[in-house]
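Structure assessment
If you want the building blocks of each chain, they are given just below.
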Amino acid sequence: MVRLRSMIFLLSISLSPLIGLSQICESGIGYCDSVNVISSKILIKGGTVVNADRQEVADVYVDDGVIVDVRPNIKVADGVRVVDATGKFVMPGGIDPHTHLAMEFMGTETIDNFFSGQAAALAGGTTMHIDFVIPVKGSLSKGYEAYVEKAKLSCMDYGFHMAITKWDDTVAKEMEIMVKEKGINSFKFFMAYKGSLMISDELLLEGLKKCKSLGALAMVHAENGDAVFEGQKRMIELGITGPEGHALSRPPVLEGEATARAIRLAAFVNAPLYIVHVMSIDAMEEIARAQKAGQNVIGEPVVSGLVLDDSVLWDPDFVTAAKFVMSPPIRALGHGKALQAALSTGILKLVGTDHCTFNSTQKSFGIDDFRKIPNGVNGLEERMHLVWDTMVESGQLSATDFVRVTSTECAKLFNIYPRKGAIRAGSDADIIIFNPNSTFHISANSHHSKSDTNVYDGRSGKGKVEVTIAGGKIVWENEELNVVPGSGKYISMPPFNYLYHGIDKADENYLTSLKAPVNRFNPSI
Ligand code: URP
Ligand code: ZN
Ligand code: ZN
């Protein structure tokens, strides 16, 4: 309740984004240590600093939004806020590669906007996310402008991917503008959602070629949309209209097929490929096979796919079942375990959420027909805790691996490392203090999302984000948020990430391997 009180107050100042932290403290709500408020200098003392490649006991000194020093026994002047992290982990804030805030989708709009979604993220230790810009009637520039407006509420750093929903010369030209002028280095192609976002193989090929020429990363939602459409008709004909029909209409084989198709098309043009929300063994095995053959394919599992199973879709209560409807669907028991194993062996590289929240009223649009249930689940606030509890506490990942899959790999793939995804001098001061001996509890009554439901409601586990520092400010401490709408920064992401290294050589080798054209003797000359 204290947290909610704080949120309500903060929402009430959302029209005054320049109101500073000192004014928040004068109100008596939130953190009121005057040193913290006026000082941009923070010393995190005595914790175990964990990066993706090593961990060490060290202090971390932050000034003016940036990490200035990381080493043992840093001495500082008076007036610096000192935070004791003895016995705790000091890690880079999480980066969520896959969110949908304020997204218009399936006739409605996600309940979390750039303020509530990000506030939730910060309370759970995520300090940056990358959201998907949806074009307006196919126009990338109009879509971009709309998202710039939506993102004005931001209270933490964010970047954009962009969806491609149609193809013509204007779209191709606008992709270039997005990469060269707007800081977008990734484009998503939906192979599903027939009649709205779905694209053809022809468009996917054009898109892959264009991404490659720009050094951008092509991402796919891999499900066979035509077959899903057929599966949906079949379920309705069978009289299966409830949420279980969603899972039954789009089985793993359709995800596996589309994943394989996208991988083969990407191989055909030698372009790197990123598969979003890998939900099934079928898709994961296609990725593993391609990687074994030397192809640059990245697989992103999402928290829901790692920790939930589809039994919930058979719940007799519609609202309970409908809250789990997302695409590709949450799969039968066994898929999640296999995805966890693939994450631990490195087949799957980084964990997202696909945070795309609809409340129970919105989910009820599909009370008579599962095809009308808005697709999407929450996860921004829960991701770090659930990944730690599921993967680290079970011994499947180390603490350094945890940092890699929740932060560093994302920063590297989207070309913002080491500004993000690292605790080192010069990096942005996006930091969490994580107590491995504490406990987290998830509840729809106390979470920071605006949704009235939570797909992880009632879960508890080991480990707790006790402090979140974003942009050099303590924004989460003692279970309280201190966040200011408008304080988040847009992070421009340059093209040509590490997957592009050496790609020109591979192209050269391909051309040589053709042994063509053959110079033939032409008797008519
Ligand atoms: O159900 C989902 N995944 N909703 C968000 C849109 C998408 O496909 O990523
Ligand atoms: Zn998708
Ligand atoms: Zn998504």
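Residue positions are given per chain, counted from 1 along the sequence in the order it is written. Written order decides the labels, with chains lettered from A and ligands numbered from 1. Per-residue local features of the predicted model are confined to residues with pLDDT of at least 70, and side-chain atom pairs are confined, for both listing and counting, to 80 or more; whole-chain, interface and lining totals are unaffected and use all residues. Calculation of side-chain values draws on the structure's entire complement of heavy atoms; hydrogens and water are dropped beforehand.

A run of H or I in DSSP becomes a helix once it reaches four residues, and a run of E becomes a strand once it reaches two; helices and strands are each numbered from the N terminus. Helix and strand counts for the chain stand at 18 helices and 18 strands. Taken over C-alpha atoms, the radius of gyration is set against a globule rule of 2.2 Å times the number of residues to the power 0.38. For the chain, the C-alpha radius of gyration of 23 Å lies close to 24 Å, the compact-globule estimate for 525 residues. Across its three principal axes, the chain shows a C-alpha extent of roughly 90 × 60 × 45 Å. A total of 525 residues make up the chain; the buried ones form 59% of that total. Of the contacts formed within the chain by residues at least 6 apart in sequence, a portion of 76% connects residues at least 24 apart. Within this scheme the basic residues Lys and Arg register as positive and the acidic residues Asp and Glu register as negative, but His and the chain ends are omitted. Lys charges are placed at NZ, Arg charges at CZ, Asp charges at CG and Glu charges at CD. Within the chain, the 61 negative side-chain charges are centred at a point lying 4 Å from the centre of the 51 positive side-chain charges. When accessible area is computed with a 1.4 Å probe and restricted to protein chains, residues below 20% of their type maximum are described as buried, those above 50% as exposed, and intermediate ones as partly exposed. By definition, residues are in contact when any of their heavy atoms lie within 4.5 Å.

Let us now look at the UniProt feature "modified residue: N6-carboxylysine" (unreviewed entry) in the chain. UniProt positions are given in the numbering used here, feature names are shortened, and annotations may be inferred rather than shown by experiment. Mapped onto this numbering, the UniProt entry gives "modified residue: N6-carboxylysine" (unreviewed entry) at Lys188. Looking at Lys188, the relative accessible area reads 1%, which means it is buried.

Below, the discussion takes up the nonpolar core. In this structure, Phe187 and Phe189 are the most contacted members of the largest nonpolar core, which totals 112 residues. Ranked by the residues each element gives to this core, the list is headed by helix H16 (residues 383-392), at 6 residues. Contacts of Phe189, omitting those with residues within four sequence positions, involve Ile164, Ile199, Leu203, Leu204, Gly207, Cys211, Ala218, Met219, Val220 and His221. Residues Phe132, Leu413, Ile416 and Leu499 belong to the second largest nonpolar core, which totals 18 residues. By convention a nonpolar core is built from buried Ala, Val, Leu, Ile, Met, Phe, Trp, Tyr and Cys residues, the set being connected through side-chain atoms within 4.5 Å.

Quick look at the pairing of strand S9 (residues 126-133) now. Among the 8 residues of S9, 8 are classified as buried, and the element is accordingly described as predominantly covered. Pairing between two strands is assigned when DSSP locates at least 2 bridges connecting them. As paired elements, S9 and strand S10 (residues 157-163) share 6 bridges and run parallel to each other. Across the sheet, Ile130 pairs through a bridge with Gly159, a residue of S10. What joins S9 to S10 is helix H5 (residues 140-150), and the crossover it makes is right-handed. By the criterion used throughout, a crossover qualifies as right-handed when its path from the first strand across the helix to the second strand runs clockwise, the strands pointing away from the viewer.

A few words now on the sheet that holds strand S12 (residues 217-221). Spatial ordering of the open sheet is given by S6-S9-S10-S11-S12-S13-S14, a layout of 7 strands whose pairing is parallel. What marks the edges here is a single partner per strand, and that holds for strand S6 (94-99) and strand S14 (297-299). Averaged over all pairs of adjacent strands, the angle between their axes in this sheet comes to 25°, without regard to strand direction. As paired strands, S10 and strand S11 (residues 186-190) are joined by 2 bridges and run parallel to one another. Between the N-to-C directions of two axes lies an angle of 0 to 180 degrees, each axis being a line fitted to C-alpha atoms and, for a helix, fitted only over the stretch in contact.

What follows is about the packing of aromatic side chains. Note on aromatic contacts: the rings of Phe and Tyr and the six-membered ring of Trp form a pair at centre separations within 6.5 Å, being stacked when their planes are under 30 degrees apart, edge-to-face when over 60 apart, and tilted otherwise. Under the counting rule described, the total for this entry stands at 15 aromatic pairs. An angle of 50° between the planes, with centres 5.6 Å apart, marks the rings of Phe89 and Trp388 as tilted. One end of the pair, Phe89, is in strand S5 (residues 89-92); the other, Trp388, is in helix H16, and 299 residues separate them in sequence. For Trp388, a relative accessible area of 3% puts it in the buried group. Between Phe105 and Tyr193, the ring centres sit 5.1 Å apart and the planes meet at 85°, which makes this aromatic pair edge-to-face. On the criterion of sequence distance, the pair formed by Phe105 in strand S7 (residues 104-105) and Tyr193 in the loop between S11 and helix H7 (201-214) is long-range, its members being 88 residues apart. The buried category is assigned to Phe105, whose relative accessible area is 8%. Using a relative accessible area of 14% as the deciding quantity, one classes Tyr193 as buried.

Ideal geometry at a metal gives 109.5 degrees between four tetrahedral donors and either 90 or 180 degrees between six octahedral ones. A donor here means any N, O or S atom no more than 2.8 Å from the metal (3.2 Å for Na, K and Ca); water is not included, so a site may seem to lack partners. For the zinc ion (ligand 2), the protein coordination sphere consists of Lys188 (NZ), His221 (ND1) and His277 (NE2), at 2.1 to 2.6 Å. Of note, the zinc ion (ligand 2) draws all its donor residues from one chain, in the sequence arrangement K-x32-H-x55-H. The zinc ion (ligand 3) is placed at 3.8 Å from the zinc ion (ligand 2). Taken together, the residues Lys188 in strand S11 and His277 in the loop between strand S13 (273-275) and helix H11 (281-292) connect sequence positions 89 residues apart. Among the residues examined, His277 registers a relative accessible area of 1% and is labelled buried.

This part takes up H5. Side chains three or four residues apart in an α-helix point the same way, a direct result of the helix having 3.6 residues per turn. Along H5, the residues classified as buried are Leu140, Gly143, Tyr144, Tyr147 and Lys150. Buried positions in H5, seen along its axis, are confined to an arc of 120° and lie on one side of it. Within H5, the exposed residues directed more than 90 degrees away from the buried face are Lys142 and Glu145. Buried positions along H5 lie against S7, S9, S10, helix H6 (169-181) and S11. Taking the helix axis as origin, the arc is that swept by the directions to the C-beta atoms.

Moving on: the site of ligand 1. As a structural note, the neighbourhood of ligand 1 is formed by 14 residues, with Lys188, Tyr193, His221, Ser327 and Asp354 the closest of them. In protein, a polar contact means a hydrogen-donor-capable atom and an acceptor-capable atom, both N or O and within 3.5 Å, with residues adjacent in sequence counting only if both atoms are side-chain atoms; elsewhere, any N or O pair within 3.5 Å suffices. A distance of 2.6 Å is found between a nitrogen atom of ligand 1 and a side-chain nitrogen or oxygen belonging to Asp354. Taking Gly376, its main chain carries an N or O atom lying 3.5 Å from an oxygen atom of ligand 1. Surface burial for ligand 1 is 100%, taken as the share of its 270 Å² of free accessible area covered by protein chains. Cavity: a set of points on a 1 Å grid over the protein atoms alone where a 1.4 Å probe fits but cannot get out. Pocket: an open set with protein on both sides within 12 Å along at least five of seven lines, its lining residues, like those of a cavity, having an atom within 4 Å of a point. Assignment of a molecule to a cavity or pocket requires that more than half of its atoms lie within 2 Å of the corresponding grid points. Among the cavities detected, the one that contains ligand 1 is the largest cavity. Residue classes follow a fixed rule: Ala, Val, Leu, Ile, Met, Phe, Trp, Tyr, Cys and Pro count as nonpolar, while Asp, Glu, Lys and Arg count as charged, and any other residue, Gly among them, counts as polar. Class assignment of the residues belonging to the shell around ligand 1 gives a composition of 5 nonpolar, 7 polar and 2 charged. To be near a molecule or strand, a residue needs just one of its heavy atoms within 4 Å of it. For the area figures, the Shrake-Rupley method with a 1.4 Å probe applies, and any residue is considered shielded solely by the protein chains shown.

Closest axis-to-axis distance for the H11/helix H14 (residues 335-345) pair is 9 Å, and the angle between their directions is 25°. Between H11 and H14, the crossing angle belongs to the class labelled roughly parallel. Both H11 and H14 take part in a crossing whose hand is left-handed. For the pair formed by H11 and H14, the contact residues are Ile281, Asp282 and Met284 on the first element and His335, Ala338, Leu339 and Ala342 on the second. For the contact of H11 with H14, the per-class residue count stands at 5 nonpolar, 1 polar and 1 charged. Here is the rule for angles: anything less than 35 degrees is roughly parallel, anything more than 145 is roughly antiparallel, 65 through 115 is roughly perpendicular, and the remaining ranges are oblique. Left-handed describes a crossing in which the near helix is turned anticlockwise from the far one by less than a right angle; the clockwise case is right-handed.

Moving on: empty space enclosed by the protein. Grid points are joined across faces, edges and corners, and a volume is the space filled by probe spheres set on the points. Counted by the stated rule, this structure contains 5 cavities of 30 Å³ or more. Of the volumes computed, that of the largest cavity is approximately 100 Å³. Residue composition of the lining of the largest cavity, grouped by class: 6 nonpolar, 6 polar and 2 charged. Put simply, the second largest cavity is a space of about 50 Å³. Around the second largest cavity, the lining residues are Lys323, Cys356, Thr357, Phe358, Lys363, Gly376, Val377, Asn378, Ser451, Thr453 and Val455. Among the residues making up the lining of the second largest cavity, the classes are represented as 4 nonpolar, 5 polar and 2 charged.

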